[in-house]
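# A look at the structure
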Amino acid sequence: MDQRVTGQWTGEETDRRRLIPRTDAVLRDPRLVDASARLGPGPVRDAVRQAQQRAREGAVAPEEVPDTAVALLPRTAGGLRPVINATGVLLHTNLGRAPLSAAARQAVQEAAGPTDVELDLETGVRARRGRSALAALRDRVPSAGAAHVVNNGAAALVLAATALAAGREIVISRGEMVEIGDGFRLPDLLVSTGARLREVGTTNRTSTADYADAIGPETAFVLKVHPSNFRITGFTRTAEAGELSRLGVPVVVDIGSGLLAPHPLLPEEPDAETQLRSGAALVTASGDKLLGGPQCGLLLGEEGLVRTLARHPLARALRVDKLTLAALEATLTGPDTPTAEALAADPDELTRRAGRLAADLSDAGVDVRAVPSAATVGGGGAPGVTLPSAALSLPEHYAARLRTGPVPVVGRLEAGRCLLDLRSVPPHDDEPLARAVRSAAEG
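Source: prediction; values computed, not measured.

### Things to note about the overall build of the protein
Per the secondary structure count, the protein includes 19 helices and 13 strands. Its C-alpha atoms put the protein at 90 × 55 × 45 Å along the principal axes. Per-residue burial for the protein yields a buried fraction of 46% across its 443 residues. Sequence-distant contacts in the protein: of pairs separated by 6 or more residues, those separated by 24 or more amount to 72%. On the protein, roughly 22,100 Å² of surface is accessible, and the fraction owed to carbon and sulfur atoms is 51%.

Below you can see the structure in the form of structure tokens.
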């Protein structure tokens, strides 16, 4: 009988367990001392305990405990892990939507310490919060008389409804009473502000006359919502902001995806500049979608209206921090974002990248082939639009292995295969992607 079944150990195993170094001895390793200063003592002690447990189980030799503990250390003190987005969804909500540009990341790092976020260094007195980011936003949308930024797109709409329509009516088409992410419904969001909704038209057809008939003394504004995550086709009709602006009440347009100006690849996607130029009084949008910036909510429009929103008490609760302002300004003034680059990626070059990667991985014994693919914008942007792409096709079981690897890779399952779509993978991640696949192939 194996003596370990009864809770006893052989002499050889007992000796091996006695050789496992004590925690305090392992923690004196210079690499772990440095890690404690960088990560804090808790994560380092956890890594040491895990390494010791592996030694007790015989998975590693006692003398390998320090090296194992170092290998088990987290990259950062936070719990979020960077992943490679190979889903083909450029703005994947579960993966944090838009990846920040190198310029935005650097701006965040610079802003992490004390900054002049609300101080005029020349005069030494308090200054408007985020003034340079707001100026950059106005520069990108010339038709906006003023701009304000809150912590996400839904917050932008909530602020507008609270400041302008609490106790009054918002006129909205039935076809635009949408549900946004994670089960949140726009009507519930708006009603929570104290506003009343006046629904007009039908699911598929709403005319300017429908809005006109509903407008009365209690009307605060007309709301136009872009149905960003679905499309209604066939026998349809909608009223545009320009038509509605002639009805005598403000028109608020929630464009959702954060496109500031028209994009040639997305001709049906509404943009802030066009909506304001056509007569909208206020446009709300998200910053972490097609703009390619950090999570935030953008409010652009008539100067007096935006000032009213910015001075409302709720604006204080919804304001963004200095890191968001720094990332937003760098996104607006810096080079093309990763989102813009992914949208503009050449399909032929994506095919060449897939072919090179597939050939290298095949030479390493991986069951892989390069295949055509179709990517999407995601994040509630450009519903129904597909972008030609190329992918690596792997056996289905690779999906779980890649997600749980040292550098997680998230692909998608399609027709019993795991696809790694390269339109959402920047070229500089090709080699890390290949390493992850090779590691997954080894089991």
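### Concerning the pairing of strand 8 (residues 297-301)
Most of strand 8 is tucked away, with 5 of its 5 residues classed as buried. Residue alternation in strand 8 divides its side chains into two sets, Gly297, Leu299 and Gly301 and Leu298 and Leu300, and both sets are buried. Both strand 2 (residues 146-150) and strand 8 contribute to a ladder of 5 bridges, which runs antiparallel. Residue pairing across strands places alanine 146 opposite glycine 301, the latter belonging to strand 8. Where strand 7 (residues 282-286) meets strand 8, 5 bridges bridge the pair, whose relative direction is antiparallel. Within strand 8, the residue paired with threonine 284 across the bridge is leucine 299.

### Details of helix 5 (residues 65-72)
Within the sequence span of helix 5, burial applies to Val65, Pro66, Thr68 and Ala69. All buried residues of helix 5 lie within an arc of 160° about the axis, which places them on one face of the element. Against the buried residues of helix 5 lie helix 2 (23-27), helix 3 (30-39) and helix 4 (41-56).

### Focus on the sheet that holds strand 12 (residues 412-414)
A sheet is described by the order of its strands in space; here 4 strands give the open sequence 9-10-13-12, paired in antiparallel fashion. Of all the strands in the sheet, the pair left with one neighbour each is strand 9 (369-378) and strand 12. In this sheet, neighbouring strand axes are inclined to one another by 45° on average, regardless of whether the strands run parallel or antiparallel. Taken together, the 9 bridges between strand 9 and strand 10 (residues 381-395) define a ladder with antiparallel strand orientation. Bridged to glycine 378 within strand 10 is glycine 381.

### Considering the UniProt feature "domain: L-seryl-tRNA selenium transferase N-terminal" (unreviewed entry) in the protein
As annotated by UniProt and renumbered to match this structure, "domain: L-seryl-tRNA selenium transferase N-terminal" (unreviewed entry) occupies residues 17-56. When the span residues 17-56 is considered, its composition is 82% helix and 0% strand, and the gap between its end C-alpha atoms is 6 Å.

### Digging into the UniProt feature "modified residue: N6-(pyridoxal phosphate)lysine" (unreviewed entry) in the protein
The positions UniProt marks with the feature "modified residue: N6-(pyridoxal phosphate)lysine" (unreviewed entry) are Lys289. Discounting chain neighbours no more than four positions away, the residues touching lysine 289 are Leu91, Arg97, Ala98, Gly256, Ser257, Thr339 and Gly379.

### Here we look at the packing of helix 4 against helix 5
For the pair helix 4 and helix 5, interaxial distance at closest approach is 8 Å and the crossing angle is 130°. Compared by their axis directions, helix 4 and helix 5 come out oblique. Every pair of crossing elements has a handedness; the one defined by helix 4 and helix 5 is right-handed. Contacts between helix 4 and helix 5 involve Ala47, Val48, Gln50, Ala51, Gln52, Arg54 and Ala55 on the former and, on the latter, Val65, Thr68, Ala69 and Leu72. Tallied by class, residues from the contact of helix 4 with helix 5 come to 7 nonpolar, 3 polar and 1 charged.

### A short note on the pattern of salt bridges
On inspection of all chains with the given rule, the structure shows 23 salt bridges. Of the charged contacts, one joins arginine 129 and glutamate 118 as a salt bridge, the two residues approaching to 2.6 Å between their closest N and O atoms. Highlighted residues: arginine 129 in the loop between helix 6 (102-111) and helix 7 (131-140) and glutamate 118 in the loop between helix 6 and helix 7, separated in sequence by 11 residues. By relative accessible area, arginine 129 is classed as partly exposed at 23%. The partner of glutamate 218 in a salt bridge is arginine 196, with the nearest N and O atoms 3.2 Å apart. Taken together, the positions of glutamate 218 in the loop between helix 10 (208-214) and strand 5 (219-225) and arginine 196 in strand 4 (residues 196-200) put the pair 22 residues apart, joining distant regions of the chain. Take glutamate 218: its relative accessible area is 39%, and that puts it in the partly exposed class. Taking relative accessible area as the criterion, arginine 196 reaches 37% and is therefore assigned partly exposed. Among the charged side chains, a salt-bridge network with shared partners connects Glu118, Arg126, Arg129 and Arg319.

### A look at the nonpolar core
In this structure, Leu137, Val149, Leu260, Leu298 and Leu300 are the most contacted members of the largest nonpolar core, which totals 34 residues. Of all the elements, helix 7 adds the most residues to this core, at 4 residues. Discounting chain neighbours no more than four positions away, the residues touching leucine 137 are Ala147, Val149, Leu260, Leu298, Leu300 and Leu332.

Conventions we followed
Residues numbered from 1 in each chain as written. Predicted model: local features only at pLDDT ≥ 70, side-chain atom pairs only at ≥ 80, totals over all residues. Heavy atoms only, no water. Helix = DSSP H or I, 4+ residues; strand = E, 2+ residues; numbered from the N terminus. Buried < 20%, exposed > 50% of the residue type's maximum accessible area, 1.4 Å probe, protein only. Contact = heavy atoms within 4.5 Å. Areas by Shrake-Rupley, 256 points an atom, 1.4 Å probe, with all protein chains shown as cover. Pairing = 2+ DSSP bridges. Arc of directions from axis to C-beta. Axes fitted to C-alpha atoms, helices over the stretch in contact; angles between N-to-C directions. UniProt positions renumbered as here; feature names shortened; annotations may be inferred. Parallel < 35°, antiparallel > 145°, perpendicular 65-115°, else oblique. Left-handed = near helix turned anticlockwise from the far one by under 90°. Nonpolar A, V, L, I, M, F, W, Y, C, P; charged D, E, K, R; others polar. Salt bridge = Lys/Arg side-chain N within 4 Å of Asp/Glu carboxyl O. Core = buried A, V, L, I, M, F, W, Y, C linked by side-chain atoms within 4.5 Å.

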